[in-house]
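Residue strings, one per chain:
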Amino acid sequence: MLIPSRPLSRRSWLRGSGAAAIALPCLDAMGTSLGQQVLAADQVATPPRKLVAINSGLGFHAPHLFPDQPGTLSPSTPYLKQIRNHLDRVTLLSGLSHPEQQGNNGHASSMTFLTSAQRPGLAGFRNTISLDQQIAGQVGYQTRFPCLVLSTRGGDSLSWTAGGVPIPGESSPAKLYKAMFIDGKPDEVDREIEGLRRGRSILDVVAERASQLERQLGARDRHKLGEYFASIRDLEIRLHQSEDWVRRPKPHVDVSEPRDITDKQQAIERQRLMYDVMALALQTDSTRVITFHIGGLNAVPQIKGVQSDWHGLSHHGKDPDKIAELRLIEEAEFAAFGDFLGKLRSIKEADGTLLDQTMVMFGSNLGNASAHD
């Protein structure tokens, strides 16, 4: 169901669809829209559910993560010890697999972590919509940002549209903080709204020309054009939503604007900084859907005891010395993740905590990074 952020104009719909001779009934979408109702509401009766999906692209050494036996979790492995305070909230899953993921390179399966499409990167491959975008399509209209697509390396992403197009990831916590919490000057707001309206006028022209073309097409091409119309409608809704949110003041947080860490060797510190801003995004209900892609590092991370390239260590070939260094890196990753869970658990929301309302998915597209499996 497509939900506009403002009442649908019957005349505009008829004009845009090229069906002016058809008499439409009065639709629910022509009254006050759900988007406007949400924007007008001061409070939400029940705390909204949220999703965070995190992928560590270089995987984890499984013997240091998984217990020998199933059952109630305890800090019985090196990595579980790093999240010991939250094991009562954790479900640990092993033995999962997406079929046919050996794509055009060993790390191609990161593209399909949230889609499970097959043969990533090979000839004829086309990705499908990612889990987060499926959810954002249902709840995204309720928040300023339908979703946040984040990464430790600019451009990397776990998020894909219904058309199989990747959504570039944001790697700057400072830019993210500014987008969520720093209000633009009046002239900046006006320019942003003008740009959004210009985008809608362009879509009106495109829709009109496409409807003219539709009359000349066969059944198969009309089906393809129908998918195109659906994508145009989705863009129109997003533009309407954006204008409504541009006009609203951004939330105030008692946290200073972060400074980006430019040294890529401070890999864990960069993760922690992004986690901090993610927690703020959820706390202020700026979004309810977040993906975070933790990319690999072809360098030595600044962690005591680590002297080797992280990516090289992931290809340890069962060398015990390499595994020992790799353990130090992955323990630090789990410690940072555990602190993120702790932040969510410390934030009160209604009768519980923010963590109570948030599903956090933490894993990797690689089961055995050493073998690119």
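For the structure, check the block above.
Remember, it's a predicted structure, so these values are computed and weren't measured experimentally.

**Focus on the overall build of the protein chain**
Summing up its helical and strand segments, the protein chain has 10 helices and 6 strands in all. The burial tally for the protein chain puts 43% of its 373 residues in the buried class. The contacts in the protein chain between residues at least 6 apart in sequence include a share of 67% that link residues at least 24 apart. Accessible area of the protein chain: about 20,400 Å², with a carbon and sulfur share of 51%.

**With respect to the environment of glutamate 100**
Among the structural elements, glutamate 100 can be located in the loop between helix 3 (78-82) and helix 4 (131-139). Its relative accessible area of 48% is what places glutamate 100 among the partly exposed residues. Spatially, the C-alpha atoms of glutamate 100 and glutamine 118 are 5.3 Å apart, while their sequence positions differ by 18 residues. If near-sequence neighbours (up to four positions away) are discounted, glutamate 100 is found in contact with Gln118, Arg119 and Pro120.

**Regarding the packing of aromatic side chains**
For the coordinates displayed, the defined rule picks out 8 aromatic pairs. An aromatic cluster is built from Phe60, Tyr79, Phe334, Phe337 and Phe362, whose rings are joined through pairwise contacts.

**Observations concerning the pattern of salt bridges**
Going through the model one piece at a time under the given rule, you end up with 9 salt bridges. In this structure, glutamate 349 engages lysine 50 in a salt bridge whose closest nitrogen and oxygen atoms are separated by 3.5 Å. In this pair, glutamate 349 is assigned in strand 4 (residues 348-349) and lysine 50 in strand 1 (residues 50-56), connecting sequence segments 299 residues apart. For the pair glutamate 349 and lysine 50, a shared accessibility class is recorded, and that class is buried. Of the charged contacts, one joins arginine 272 and aspartate 339 as a salt bridge, the two residues approaching to 2.5 Å between their closest N and O atoms. Placement of the pair is arginine 272 in helix 8 (residues 267-283) and aspartate 339 in helix 10 (residues 320-346), with a sequence separation of 67 residues. For arginine 272, a relative accessible area of 31% translates into the label partly exposed. Salt bridges here are not isolated pairs; linked through shared partners, they connect Asp88, Arg89, Arg345 and Asp356.

**A word on the sheet that holds strand 1**
Pairing in this open sheet of 4 strands is parallel, and the strands run 2-3-1-6 from one edge to the other. Either end of the sheet is taken by a strand with one partner, and the two such strands are strand 2 (148-151) and strand 6 (358-363). Going across the sheet, the axis of each strand differs from the next one's by a mean of 10°, ignoring polarity. Note that strand 1 and strand 3 (residues 289-294) share 6 bridges and pair parallel.

**Points about helix 4**
Those residues of helix 4 lying buried are Asp132, Gln133 and Ala136. Buried residues along helix 4 cover an arc of 90° about the axis, so they all sit on one side.

**What to know about the environment of proline 67**
By the secondary structure assignment, proline 67 is in the loop between strand 1 and helix 3. When its relative accessible area of 25% is taken as the criterion, proline 67 is described as partly exposed. Taking the C-alpha atoms as reference points, proline 67 and leucine 92, separated by 25 residues in sequence, lie 9.6 Å from one another. Ignoring any residue separated from it by four or fewer positions in sequence, one finds proline 67 in contact with Leu73, Ser76, Thr77, Leu80 and Leu92.

Conventions used here
Residues numbered from 1 in each chain as written. Predicted model: local features only at pLDDT ≥ 70, side-chain atom pairs only at ≥ 80, totals over all residues. Heavy atoms only, no water. Helix = DSSP H or I, 4+ residues; strand = E, 2+ residues; numbered from the N terminus. Buried < 20%, exposed > 50% of the residue type's maximum accessible area, 1.4 Å probe, protein only. Contact = heavy atoms within 4.5 Å. Areas by Shrake-Rupley, 256 points an atom, 1.4 Å probe, with all protein chains shown as cover. Phe/Tyr/Trp six-rings, centres within 6.5 Å; stacked < 30°, edge-to-face > 60°. Salt bridge = Lys/Arg side-chain N within 4 Å of Asp/Glu carboxyl O. Pairing = 2+ DSSP bridges. Axes fitted to C-alpha atoms, helices over the stretch in contact; angles between N-to-C directions. Arc of directions from axis to C-beta.

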